Each structure stands twice: as structure tokens, then as C-alpha cells.
Amino acid sequence: MNANRNVYLKKRTLDEARRMLFEAFSGFGVMATEHVSPDAAVGRVIAGPVFAKVSSPNFHAAAMDGIAVAAADTFGAAETRPRTLTIGTDAFWVNTGNPLPEGTDAVIMIENLNPVDDRTLTIEAPAFPWQYVRKMGEDIVATELLFPRGHRITPYCVGALIGGGIFQVPVRKKPAVTILPTGSELTDWRTVPIEAVRPGQVLESNSFVLCGLIREWGGAPSRREPLKDDVAAISRAVSDAVDEGADIVLTVGGSSAGSEDFTRTVIDAQGEVLIHGVTIMPGKPILVGRVKGTPVIGMPGYPVSMIVAFEQFVGPLICRMLGVPELQRPRVTVETTRKIPSKLGVEEFVRVKLGKVGDRIVATALPRGAGSITTITDADGIIRIPNAVEGIREHERVTAELLRPLSAVENTLVVVGSHDNTLDVLADQLRAGHDGAVTLSSTHVGSTGGLLALKRGVCHLAGSHLLDTGDGSYNVSYVKRFLPDTPVRIVNLVLRDQGLMVARGNPKGIREIADLARGDVRFINRQGGSGTRILLDYRLGQLGIDPAGIPGYDTEEFTHMTVAAAVLSGAADVGLGIYAAAKALHLDFIPVVTEQYDLIIPEIYLDWPPMKVLLETIVSAEFKRRVKALGGYSTRMTGKGIEF
């Protein structure tokens, strides 16, 4: 082992690490007080009790348009005995919000008045005291408590503050959080053209994500320019941040056990390391230290690890400094669609897609890579698997923290099956219409996997392009085989060109499927059960080619775009996929077949409003125009039912 590498000497459980953090920085509501105007106070935390200086309203006010009267002067009025009132003597015109004239205590609506002339009118019913009157102090009484300390101000609160005569609000200063991105590989996306970014360089985004998180939790972020992997430079930056009065210092990257991860060395030299490594996934490499009484926290460099570490440690610390409870997400009971394995001894935060299918909210796990930011941007919720549990069973009911409103989840169409680029277009087009109320959540497990998901009742529809090698039809025979007892409608989405994707210029001179067996060609495959895999195996069988002789046949990806990316990166020379994916990444394309991509929809969902929206959308001119623009698609059958 390299002597310069860090070692996780004692990883802590999440509960233990949080307890240690809060004990080390035990102040609650420790931030100093400053005063801001009510309109600038939204989201801020009140530093001390706020009492009203004036009443609201501060006079008796008319609540209706009409006349103000002394209720006693109207007693006895009836249809058979109308009472006459004189304007200016015992009746006074008022509009809503006007002060009541002295001596009056009721308002009679203008609709209930019978004018006699310009000065007199009659009424046919008496008024009662304080009828249609907002009494002084009805809303706020001077000296009453408006808000206690620790209250977070909402837009609604602004009206109460101003109405109560509070024009300077005592709030706690926002914790100042200094962010120090580290890493020699980091590149500034604001100044470096994207085409100039070289392999090994990374567009620095983590610090910008942290700025947003810090603001969301109530802090004031201050971002510094990225630092190279240099102990002296990082050490100076940490020391300067502490001396300049930062309440929290975050280094980003450099907290792991690599030979160029220097955060521990820096904190050891200036203060003390309290925690290095927590038994959570993602987020394990977090490092917590103290320098001159200031928390210095080494954040993991992988974005999802960083986000989880922030939400479990930094965000709650900001809340404690402000004297408020930490933010909590709404929770809901969900049912897993597949088994989710997990390691004993590690608390895992699994990102999931959610949708309401029947009377259940179903959860499908997303990929778990800590470096894949899309695993959290695509997620609807998070399932936490405790460290003493070895995974979650299929169809097990568990709790999920919601990342989106429950109403959005309930209006989400869940599609499982084969990947196709038009699903992304469809998802966007659905959001563009019908007030954005309907969303599409797609999970790519292959065509066969989609039919099996329908059979298990964990999705609303499946995307499929399964070729029947016997008669050349698509999907029908497979639907009959896998869903014999489920009435379904097969609706065509698109016809698409499928073929071989190769690098620009086709350097290996690949012309046809048979070239995959040449020995000098590295292939990238789709997963078993996908329609593309079935097509490939069918063609290989026709040619008498043994798949075992194809280099890369056992290397699998789950989408056309990841296959295309593998070819673009040079990890493979060729992959089988759709023309739209090749076009998107500027690859050359060798056509093999035009195939039929259908949506398989159980009949029980055909009258569900979001499904009706989907079926209307796919036949719209705008959707078809966007699909054709992708290249390699035909919409001549789009929206048509397939008889079987």
C-alpha cells in the first residue's frame, strides 16, 4: 500500500456519526441576530419573539358596502313595519374597509336598502350589533405574540408582520458556508469551451450543487475557485476560510483514501479529525474535523455521495445553528417491483422511481452509482435500507421519502420495457400539454422484462419490439405467451431503423452482422430478453455463427444510448441499436432491419385519464414532427391498434 494513502481507521454508523457531530458542535440557535425588512424575511428564522406593535385592523371597519348604523336604532324593523333612516343622521354610507362613524356598530348591506329619496331610505329587517363589521383587533391585537423564536418565515407571515406594525424583523444570520472545490482534474465550464475539454478533465459542478443545497437549508454559500491537489494550497485555503469567519468550511473531493486525497492531512495539521468514513452508501468517505472551533467537513467527490452526505450532516448542522428542526421529506408506503439486495453493515440510500399502479405505489430501484447524478435527478423517492438488513424482497412494503409531490406520483404513467429515444420525446410532450399534470416514468429492462412487469402488475404499459422469428410479426405471439389472462391493447408507437453503430468513418470496415465474428471486432451487446438481443441472436442463428466466438458478446448494456456511448468512447467497435442513437452521438450506421416498436397497454388502464392523454399525444402532429426529427423513424402506424 502507498504510504501516503489514508485509511478509514474507524468507520462510524450514521447514527453514531451524527451524534458525534452534534456533540462536537453543540450550539443550538447560536447564530447572531440581524434585522431585515418583512419583504426580505421570507425563509429566514426569527431570532426572538415578535410581538405586534399595533392592532389589525386598528379601527372598527365596515366589512360590506352599505350603511353604518347603531343597531339599536333598527330594532323593530320588519316587512310590515319598515323603518325609515336618514343619511347623515342615523345612517352613514360606507364602503368595505371604511372606518365606522362614531356611534355606529353595524353595517346593513346595500342590497337590503330601499331608497326613498336622496336623504332617506327604509329597511325591512333589524341589524344586530357588529353585523358586517371587522372589529378593531379582530385579526391582531397590539402586544400579542405574532411569532415565537425559531419560526421560519413564510410568504404568508409577511402580511401579519406588516399588519402588526413590524417593519424590521429580528432574524438569525445565515450560517456562512465556504466551499473549497479540490482536484487537479477540475475544469471551469464557464470559461472552457466544451469541445476543449480533454479526457481526464472534469467539469466542476459539485460546488454549484452545494450552493443550491446550502441556500435551500438556510445557509449563505461562498464558493472559492477550484484548488489543485496540493497540500499547501488546500491548507492555506482552509486556514483563510476559518480566519475569515466561516461558520462551516466544506472541502469537495479529497476525503477518500486515495494517494492524492489530502483533506485528512490538512485537518490533522490544523486541528483534529473527528470522523472519517461512515457506514452509509453512498456517502461513505465523508470526513468531519474541527479547526479553531469551526467545523471543517470533507465532502465526497462523487456527486450523489456528496448530496447524501450533505443532507445527513451539513444540512442538519445548518438547521441546528439556526435553531430549527432539520428539514424532513414527506414519506409514503411503497411496494418494491424487484428484489433490492444490500450489504449487511451498510445503511443504503436507494434512489427509486415511483408510480401508482392500481391501489399501490410501486417503487423500482435506479442504478446505484455514486458518480451518476442522474440517479438522483431521475428519482421520485429514496428508500433507506438499514445496516442490519440484507436487502428488500420483491413486493415488500417499505417506506420511501418523496422527492416529488405525491400528486405528481399519482399522475405518473409507469412504462417498463425496451428503451427507445421516442419515450424521452413523449415524456417531454406530455409535460408540455394538459397543464403539465401528466408525467412519464420509464424503466429499461428489455421487451421481455416489460411484459413480465405487466404480468406482475407493477406498471401501466410496456414498450416492446419482440420479433417472432417464425412469421416475422412483432410482439403478438409474446403477448399471448406471457399475458394469456390479461386483456391488453397493442398500440404502435413507431417504426424504427435498427442496425450496426460504428465509429465515424467505420475504421474497422464493418458491413454486416457476419463481421462480428471476425475476431478483430469488439462488440457491445444488449441485455438478455431485450428485443435487440433477440434480433441479434436470430440473425446469428441464420448465419450459423456461435455467439461465444464474438468478442464482447457477454458485455451488456440496457439502452441504445449507452451502447452508442460505448462505441463513441472506443470501449467497443460496434453495437446493434437504433439509428436515432447513432445520429445523436454522430456515429456511422449500417441498416439491418426496420422494426415495429409497440406499446402494450392492459385494458383496465385505457380509460384512466393520464393514459387517454398519452394516446392523444402520440397521434398529435407535434409529437410526430419531433419523432421524425430524430431520424430513423416512421410514424405512419403511430397510434394504430395491432389486431391479434
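Since we're looking at a predicted model, the values are computed, not measured. (Residues numbered from 1 in each chain as written. Predicted model: local features only at pLDDT ≥ 70, side-chain atom pairs only at ≥ 80, totals over all residues. Heavy atoms only, no water.)

(A) Structural context of the environment of Thr374. In this fold, Thr374 is placed in helix α7 (residues 374-377). The exposure class of Thr374 is partly exposed, given its relative accessible area of 44%. Linking Thr374 and Val304, residues 70 residues apart in sequence, is a C-alpha distance of 8.9 Å. (Helix = DSSP H or I, 4+ residues; strand = E, 2+ residues; numbered from the N terminus. Buried < 20%, exposed > 50% of the residue type's maximum accessible area, 1.4 Å probe, protein only.)

(B) Broad picture of the sheet that holds strand β4 (residues 66-69). Taken together, the 3 strands give an open sheet; going across it, the order is β6-β4-β7, and neighbouring strands pair in antiparallel fashion. The open sheet has two free edges, formed respectively by β6 (92-94) and β7 (106-109), since each of these has just one partner strand. Between one strand and the next, the sheet's axes are offset by a mean angle of 40°, whatever the strand orientation. Both β4 and β7 contribute to a ladder of 4 bridges, which runs antiparallel. (Pairing = 2+ DSSP bridges. Axes fitted to C-alpha atoms, helices over the stretch in contact; angles between N-to-C directions.)

(C) How the structure looks around the side chain of Lys353. On the secondary structure map, Lys353 appears in strand β23 (residues 347-357). Contact partners of Lys353, with chain neighbours within four places excluded, come to Val362, Ala363, Thr364, Leu366, Asp378, Asp380, Ser441, Ser442 and Thr443. (Contact = heavy atoms within 4.5 Å.)

(D) Highlighting the packing of helix α1 (residues 14-24) against helix α6 (residues 303-322). Where α1 meets α6, the closest approach of the two axes is 11 Å, and the angle between their N-to-C directions is 35°. Crossing geometry of α1 relative to α6 is assigned as right-handed. Together, Leu14, Ala17, Arg18, Leu21 and Phe22 of α1 and Gln312, Phe313, Pro316, Leu317 and Arg320 of α6 make up the contact between the two elements. Of the residues contributing to the contact of α1 with α6, the split by class is 7 nonpolar, 1 polar and 2 charged. (Left-handed = near helix turned anticlockwise from the far one by under 90°. Nonpolar A, V, L, I, M, F, W, Y, C, P; charged D, E, K, R; others polar.)

(E) How the structure looks around the packing of aromatic side chains. What the rule picks out here adds up to 4 aromatic pairs. Summarising the aromatic geometry, the rings of Trp189 and Phe208 are spaced 5.3 Å apart at their centres and angled 65° between planes, so their arrangement reads as edge-to-face. Of this pair, Trp189 sits in the loop between β14 (186-187) and β15 (202-203) while Phe208 is found in helix α3 (residues 206-217), placing the two residues 19 residues apart along the sequence. Lying over the aromatic face of Phe25, Arg290 brings its terminal NZ or CZ to 5.8 Å of the ring centre. In this structure, Arg320 packs its charged tip against the face of Phe22, placed 4.6 Å from the ring centre. (Phe/Tyr/Trp six-rings, centres within 6.5 Å; stacked < 30°, edge-to-face > 60°. Lys NZ or Arg CZ within 6 Å of the ring centre and 35° of its normal.)

(F) View of the nonpolar core. In terms of nonpolar packing, the biggest core is built from 62 residues, with Leu451, Ile600 and Leu614 touching the most fellow members. No other element matches strand β30 (residues 488-502), which puts 7 residues into this core. Here Ile600 is in contact with Leu451, Leu454, His460, Leu461, Ala462, Ser464, Asn475, Val479, Leu483, Val488, Arg489 and Ile490, once residues within four sequence places are set aside. By size, the runner-up hydrophobic cluster in this structure holds 42 residues, among which are Leu14, Ile307, Leu317 and Cys319. (Core = buried A, V, L, I, M, F, W, Y, C linked by side-chain atoms within 4.5 Å.)

(G) Spotlight on the side chain of Asn492. Checked against the element boundaries, Asn492 lands in strand β30. Apart from residues lying up to four places away in sequence, Asn492 is in contact with Gln596, Tyr597, Asp598, Ile618, Met637, Thr638, Gly639, Lys640 and Ile642.

(H) A look at the packing of helix α9 (residues 422-432) against helix α15 (residues 609-618). Contact pair α9 / α15: the axes reach a minimum separation of 10 Å and the direction vectors enclose 110°. One finds that α9 runs roughly perpendicular with respect to α15. As α9 runs across α15, the sense of the crossing is right-handed. In this structure, α9 contributes Leu426, Gln429 and Leu430 to the contact, and α15 contributes Val613, Leu614, Thr617 and Ile618. For the contact of α9 with α15, a count of residues per class yields 5 nonpolar, 2 polar and no charged. (Parallel < 35°, antiparallel > 145°, perpendicular 65-115°, else oblique.)

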